[in-house]
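Single-letter residue listing:
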Protein chains: 4
Amino acid sequence: MTRVVVVGAAGYIGGELLRLLIGHPEVEVVGAISSRFPGKRVDGVHPNLRSATDLLFCSADQVDECDVVFLALPHRVAMTQVEQWTRRAKLVVDLAGDFRLDDAEVFRRYYGEEHQAPHLLDDFVPGLPELHRENMRTAELISVPGCMAVAGVLALYPLVTRGLIDPERGAQFDARTGSSGSGATAGPANLHAERSGAMRVFAPTGHRHEAEISRHLGLPAAMTATGVEAVRGVQTVCHATLRPGVDTQAVRRAYREQYAAEPFVRVVAHQRGIFRYPDPKILLGSNYCDVGYALDEDTGRLTTIAALDNLVKGGAGNAVQCLNIRMGWPETLGLTFPGLHPL
Amino acid sequence: MTRVVVVGAAGYIGGELLRLLIGHPEVEVVGAISSRFPGKRVDGVHPNLRSATDLLFCSADQVDECDVVFLALPHRVAMTQVEQWTRRAKLVVDLAGDFRLDDAEVFRRYYGEEHQAPHLLDDFVPGLPELHRENMRTAELISVPGCMAVAGVLALYPLVTRGLIDPERGAQFDARTGSSGSGATAGPANLHAERSGAMRVFAPTGHRHEAEISRHLGLPAAMTATGVEAVRGVQTVCHATLRPGVDTQAVRRAYREQYAAEPFVRVVAHQRGIFRYPDPKILLGSNYCDVGYALDEDTGRLTTIAALDNLVKGGAGNAVQCLNIRMGWPETLGLTFPGLHPL
Amino acid sequence: MTRVVVVGAAGYIGGELLRLLIGHPEVEVVGAISSRFPGKRVDGVHPNLRSATDLLFCSADQVDECDVVFLALPHRVAMTQVEQWTRRAKLVVDLAGDFRLDDAEVFRRYYGEEHQAPHLLDDFVPGLPELHRENMRTAELISVPGCMAVAGVLALYPLVTRGLIDPERGAQFDARTGSSGSGATAGPANLHAERSGAMRVFAPTGHRHEAEISRHLGLPAAMTATGVEAVRGVQTVCHATLRPGVDTQAVRRAYREQYAAEPFVRVVAHQRGIFRYPDPKILLGSNYCDVGYALDEDTGRLTTIAALDNLVKGGAGNAVQCLNIRMGWPETLGLTFPGLHPL
Amino acid sequence: MTRVVVVGAAGYIGGELLRLLIGHPEVEVVGAISSRFPGKRVDGVHPNLRSATDLLFCSADQVDECDVVFLALPHRVAMTQVEQWTRRAKLVVDLAGDFRLDDAEVFRRYYGEEHQAPHLLDDFVPGLPELHRENMRTAELISVPGCMAVAGVLALYPLVTRGLIDPERGAQFDARTGSSGSGATAGPANLHAERSGAMRVFAPTGHRHEAEISRHLGLPAAMTATGVEAVRGVQTVCHATLRPGVDTQAVRRAYREQYAAEPFVRVVAHQRGIFRYPDPKILLGSNYCDVGYALDEDTGRLTTIAALDNLVKGGAGNAVQCLNIRMGWPETLGLTFPGLHPL
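Residues numbered from 1 in each chain as written. Chains lettered and ligands numbered in written order. Predicted model: local features only at pLDDT ≥ 70, side-chain atom pairs only at ≥ 80, totals over all residues. Heavy atoms only, no water.

1. Notes on the environment of Asn-135 of chain C
Residues and elements named next belong to chain C.
Step number 1: By the secondary structure assignment, Asn-135 is in helix H5 (residues 129-136).
Step number 2: For Asn-135, a relative accessible area of 43% translates into the label partly exposed.
Step number 3: A distance of 3.3 Å separates polar atoms of two side chains, one belonging to Asn-135 and the other to His-132. (Helix = DSSP H or I, 4+ residues; strand = E, 2+ residues; numbered from the N terminus. Buried < 20%, exposed > 50% of the residue type's maximum accessible area, 1.4 Å probe, protein only. Polar contact = N/O pair within 3.5 Å; in protein donor to acceptor, adjacent residues only side chain to side chain.)

Take a look at the structure:
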C-alpha cells in the first residue's frame, strides 16, 4: 500500500481527500495533519466519515516517512511548507494557489504579494490530466489548479488548441460557485443567513483563477466570480468569438476528438432535456467535468459551459486522478462515484 | 379611485400586480381575470393575500368599464387580446413579450413566429421609466420590458448614452434568474427535485430579452440565461470594453449623474462589505434595481452588475411605477417596501 | 412623533425593528445603538435600508431623552441594562429572553444561571397581544416572547382556555426554525456550508421557549427544536389529546371565536390547496401568525400547527404591535406588509 | 452474475436502484422497464448515469427470464402486477406501499381502498434487515418499508423491544421529508416556486407510514409529515415516555447493544458538535440510518431522532441490502458510499 499524508486535513478539501483516499484500494492514509485539531477524531470534523475511519488528526512532527503528501493548506502557507515535505515524500501534490502560476510577476499581481519560493514555480507540473498527463507520469511536484480554472480551461481548450477561436477578442468567463469554495473558517461573509440565496459577485475582476485560465489557454481571459446558492458546485459560462468560417460541425468535432478518451470529461450539449448543458447539480461527489457549447452561426458568437464539483474535480478528486496517473494505476481508481440525481 | 383590471391574475406576475394594486391608495381592483379559476377566491391561489382581499377571479366578460388594464398573459396571447381591451380602458399596460420589440422582423427571429398585430408595435411606449418617463405621461399603451432586459439595460445605459463604451466590442451579458420567471404552470423542468440547486443554462444564446437589450442600448448584445437556486431574483453581469481613455472617475460620474434622481435605481459599488455589489437577495419584494460596476483600468475591461426582483422591478412593480407616472401620482406610491435582510 | 431608540440595532432583530420603525408613521428613530459599529452607517449592516435611512449607529451615551426603548440585546445582557433605560424612557420593550419567565427558579433551570434582576420579573407584561392586550395598554415594561413560544402558544391557546385539551397528557411541540434565529454572529455552527440543507436537532429537550409555552398554557409542554433550511421562519407542530367528547366542530369553533377579531392571527385549516396549513414561506416579512389544526376523531389525537416569521411576529413586528397597543394607535400601523408569494 | 430487472425504472426510486445495481459487482441489470419511455436512453432521464450505462428503457414484454425483480411502481399499481413477476423471477422486491401492511383492514383505512391481492400480504417479508434479517434469507417476496417508517421504527425499536417505553402513552412522530419523496411526476404542489423553502404539513394525521410504524413497534404511533426544503432526506423526531426507573444508562445500552453489529445503523448522540444528532444532510447517497436520543430524567420524557436518505436507506439502498442478505453476499456490497460533507 502506498502511504499518504494529508496536510490541512480538517478543511473541506482535506476532508474530501480523506473520503477519497480512505476508499482508495491502493492507498493507506498514514497521517491526517491538522494544526487546529491534533488528537481529535477525524470523524468529529468530517461526520460523513463516521464508521469509515478511526483516524485521529495529528501534527506534522508525528508523521513518519511516507510516499505521497497532499497539501491542502491555505493559500500562502503552502509555499512556506513545501520544502519540508519534499524531503519526506517522493511526491507532493499541492492544492493551494501557490504553485498554480509559473510566473512570479503574475503571481504578485493576482495574489498581491511576493512569492516565497519562486525557484520552485517551474518544478511543479500542473495537475490537469487533460493537458499534462504525460508530464505527470514522472512528476515529483504537482500543483492542482483552482476549481474555476479547471472548468474554464476544459471548456475552451479543444477550440483554442485547434485555432478555432479568435484570440484577439479574448474570452469572458462567468463563474458561479457554491460556498464550500471559501473554506471551513466561519466569518460574516459565509454566515448562513447572509450567504443563503445570495448572488454575490465577489470578484467582478481580478480573480486568481483568471490568471490560470489565461496561462493554460494562452489568451486574455476576463473572469467574474459569483457566489450562488449552493454548497458545492462550480459552473463557468464563457463567451468567445469563433474565427470566420468555423461552423457548428467543426466545433462539435473538436470537443469529441479532444475528450473521446478522457475518463472524466463528458461533452454535454443536447438538443433537449433538463440537463442538456453542464450543471453541477448532478456532479456532486463525482470527479466529472462536463463541458458543453452553443453557437450562433450568424454572428460567430460562441458560448461554452463547464460544470464540476469544486471539491472533487475542482480539487481533491483531480488530485487523486493525478496520483493514479503518477503511480501507473488505472486512472479512475477510487473515483467511480457517478453523482446523484435528483439531489 | 382609479378602477383597474388585471388579466391573467392567477399567474405569478398577476399575483404580484394584485398585491401591489390592493395596497395602492389610489386604485381599486375591479377585476381579477383568470380563465382557469373563474369564481374561485383569489387568496386560494395567492395565499399571501389572505385577509387582504375577498376578491374572486372572474372571466373577461364579467368586467365592466374600467380605467386601466394590466395584461399579465402568456407570450403570444397578449397580442391577440390587446385590442379588445383598448376599447374598454384608456390605458393598457402589457407585461408579456409581445410588444417589447418595435421590429416585426426581430420579433420573428427571437419568438419564432409572425407577429399578429405588427401595426401596434410602434404605439407601445416601453415601460422603462428611466429611459422613457416623458413619453409615458401621455401613453395609452405601455409594454413593460422583460426582467433580464430591465437589469441589463439599466446596468449599461449610463455608459452607452455617454459614449463611454466601445460599441464594436458589443456587450456580453450573463443573466441568472430564479424559478418564478418561468411561471406558475408545472412541468418536468420546474419540478422542485429537478430545479432545486440547479445551475441550468436554459438559453446559452438567443434569449428574447437579448433582443430588448440590443434595442434599448443600440449595440450588439449577447446574453446567456441561467436558472440558479432562487424563486425570485434576477442578476445580470455584463462584460464590455471602455473606449480608450475612459477612467474610473468618468464611469463613476456617469452612474451618479444618470441615477441621482431615480427613485428606484441605486448605484451599489462599494469597496467592501458583503453586499458591495447588487444582489437580488436584499431586493425581494421591492421595486429597486441596484446597479454597480468594476473596471480594470489597465485593460479597459468593464464589468457591470444589476439585480432586481423579477416579479417587481422586473414586472409588476415596474408596471405600477409606469401607472404612477402616467396618472401623475407620486412615482413611489404603493411601492415603498424596502426589502428584507436577512432573507 | 414618538421618539424611539433601538438598542442592539446591528443584530437581526435590531435591523427588523429599524425597518418597521423607519416605515412607521407615528415614530421617529432617534437612536440606533450598536456597541460594535458606533459611527458606521446603519445601511452598511442592513443593506435593505439603503435609501430608506441615513442613520448612523451610535453608542448608548449619545442618546438623549426618548419615549420608547427597544432592547434587542443578547440574552443575559438585557437584564443588566434594563434599569438604565427605564430611567430614560417611559416604555421599555425587551426582546431578549431575560424577562419572559416570571419565576426565577424556572429561569435558573432553563438558562443555567441566576437571574440578575429577579425583582423586575413581575413588572414585565408579556408582549403577547392575543393574551395580554389589556394589561399592555398601561405597561411600562413589556417582554416580547420567544419566536417559537409565540407560535406554540397561539396554536394551542384556544383549546386550552376552553378546557378542550386533556392537560394530563401534556403537549409535545416540534419546532422548526430558520438560521436567522441564532443571530448575526458568525461561528462554525452557522457557516453556510454546514447549515445549508441541514435538519439539525439543536435542542431535543430543554429549549428555553418550552418554558414560556408551559407558562402561558399552564400545562406541561415538551418541545424539540430543529434548524431546517430557511433563513426566516418558524413552524411549530403540536401533538395533544382532546378530552373525551370534544369533536371537530368544537375545535373549529374555538379557533374561530378566539381569533375572529385578531388582526394578526389567521386560522388556516383548509380541505385542500398547497398552503392549507400554516407555512412560514408565505409569511416572511409579515406580522401574521397563521394557526391550523387537524384531528383524528376516533382517537382524540389532535395536531395543531402554527407558522410565523421569527423576526417579525416572532420578534420585531410583535414588539411594534405591542407599541401600537400601548400608544393607542391602530394596532396594524406600520405592519401591513402581507408577505410574498411565491418566494 | 445475477440478472435483475427494475420495473418503474424512470422514477426516482427506479433511478436510484439503477445507480446502485449498475455499480454492484454481482449483478447485471438486464431490464429497465418504463411504460413512459420505452426505447429511450436511461441516462436521458437519469443524467447522473451518463457514461455509466448505455441501457435503454424497455417495456415489460421485452424482458426475458431474470433472477430478481425490483418493483418501483406507484402505490396501487404494484399489487396488480406482482403475480406476473413472481412467475418470471425467484425473488420479487417491492418498493411500493402495497405490501407493507399485513392487515387488509388497516390497509383499507390508510389507503382508502380495498387491497387487490390480500392473499399475498402474509407472504411478503418486511424489507427491514434490522428486524427481519433471518426471514429474509429464504424470502421470495420482500416489501421494502416506507422511508419515514424505516427511520421511525429504527429510532424507537431498541427501547420498545426491551420494554423500556410506556406503551400506554404511545409515540408521537414528527417526520420531515425532502421533495423527492413525492416522485418524479410534476404537479402544482411540487413546482419549485411553490415547494422551495416550504414547511408544508402535508399529513398532520393519517400518513400511511404511521401504520407501518405501529405495526413494527406494536404500539400506537401518531405521525405528522412535513415537507421541508430538501430534495433528499428524511428525519423523524419522536416523543415517547420511558417507564418509571429507566435511566440514561439503560437507554444508551439499549441502542448500543441493538445496533453494535448493524452495518448501516449508527448511534449518533454526542455531547457536542454540529452533527451531534442524526441529520440527513451528511447521509445523502449513503445507506446509513443514523439514530440518536436525548432524555429528561426528571420527567422521563424521551426524544429519539433518526435520519436517512429517503431514496437509499429509505428505498433503493435498503432494497439492495435485502438483496445482498437474500443472496448470501456481503451485506454492504455495492453500498459503501459514505455520504458527502459538506453538501
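Having put the structure on the table, let's press on.
2. A word on the packing of helix H5 (residues 129-136) of chain B against helix H10 (residues 316-327) of chain B
Residues and elements named next belong to chain B.
Step number 1: Orientation of H5 relative to H10, taken along the N-to-C sense of each, is 35°, at an axis distance of 9 Å. The interaxial crossing formed by H5 with H10 has right-handed handedness. Side by side, H5 and H10 meet where Pro-129, Glu-130, Arg-133 and Met-136 of the first sit next to Asn-318, Gln-321, Cys-322, Ile-325 and Arg-326 of the second.
Step number 2: In the contact of H5 with H10, the residues fall into four nonpolar, two polar and three charged. (Axes fitted to C-alpha atoms, helices over the stretch in contact; angles between N-to-C directions. Left-handed = near helix turned anticlockwise from the far one by under 90°. Contact = heavy atoms within 4.5 Å. Nonpolar A, V, L, I, M, F, W, Y, C, P; charged D, E, K, R; others polar.)

3. Regarding the UniProt feature "domain: Semialdehyde dehydrogenase NAD-binding" (unreviewed entry) in chain A
Step number 1: The sites that carry the UniProt feature "domain: Semialdehyde dehydrogenase NAD-binding" (unreviewed entry) are, in the present numbering, residues 3-139 of chain A.
Step number 2: In residues 3-139 of chain A, the share of helix is 29% and the share of strand is 16%. The end C-alpha atoms are 17 Å apart. (UniProt positions renumbered as here; feature names shortened; annotations may be inferred.)

4. A look at the sheet that holds strand S9 (residues 221-227) of chain B
Residue and element names in this part refer to chain B.
Step number 1: Across the sheet, seven strands lie side by side as S8-S9-S7-S10-S13-S12-S11; this open sheet has mixed pairing. Because the sheet does not close on itself, it has two edges, and the strands there are strand S8 (200-203) and strand S11 (265-267). The sheet shows a mean angle of 25° between the axes of neighbouring strands, taken without regard to direction.
Step number 2: Both S8 and S9 contribute to a ladder of three bridges, which runs antiparallel. When the bridges of S9 are listed, Val-201 appears paired with Thr-226. (Pairing = 2+ DSSP bridges.)

5. Notes on the UniProt feature "active site" (unreviewed entry) in chain A
All names here are of chain A.
Step number 1: The UniProt record marks Cys-147 with the feature "active site" (unreviewed entry), using the residue numbering of this structure.
Step number 2: Of note, Cys-147 is situated in helix H6 (residues 147-161).
Step number 3: Overall, Cys-147 belongs to the buried group, its relative accessible area being 11%.

6. Overview of the relation of the copies chain A and chain B
Between the two copies of the chain lies a rotation about an axis combined with a shift along it.
Step number 1: Rotating chain A by 180° and translating it 0.0 Å along the rotation axis places it on chain B, where the RMSD comes to 0.0 Å. Taken together, these values place the two copies in the relation of a two-fold axis. Judged by C-alpha distance, Glu-229 of chain A is the residue of chain A that lies nearest the rotation axis, at 2.8 Å.
Step number 2: Both copies contact each other with a shared surface, as 98% of the interface residues of chain A are interface residues in chain B too. (Least-squares fit on C-alpha atoms with pLDDT ≥ 70 in both.)

7. Remarks on the domain arrangement of chain A
Residue and element names in this part refer to chain A.
Step number 1: Splitting chain A by domain gives domain 1 (2-145 + 314-327) and domain 2 (147-308).
Step number 2: The C-alpha-based centres of domain 1 and domain 2 are spaced at 24 Å.
Step number 3: At the interface, 23 residues of domain 1 touch 26 residues of domain 2.
Step number 4: Both sides together, the interface formed by domain 1 and domain 2 hides about 2,200 Å², and carbon and sulfur atoms give 54% of it.
Step number 5: Connecting domain 1 to domain 2 are four salt bridges.
Step number 6: With a shortest N-O distance of 2.8 Å, Glu-16 and Arg-232 are connected by a salt bridge.
Step number 7: The interface formed by domain 1 and domain 2 contains nine residue pairs in polar contact (both at pLDDT 80 or more).
Step number 8: Ranked by the residues each element gives to the side of domain 1 that touches domain 2, the list is headed by helix H5 (residues 129-136), at four residues.
Step number 9: Here the side of domain 1 that touches domain 2 is built from residues that sort into nine nonpolar, seven polar and seven charged. (Domains from an automatic or database assignment. Buried area = accessible area lost by both parts, 1.4 Å probe. Salt bridge = Lys/Arg side-chain N within 4 Å of Asp/Glu carboxyl O.)

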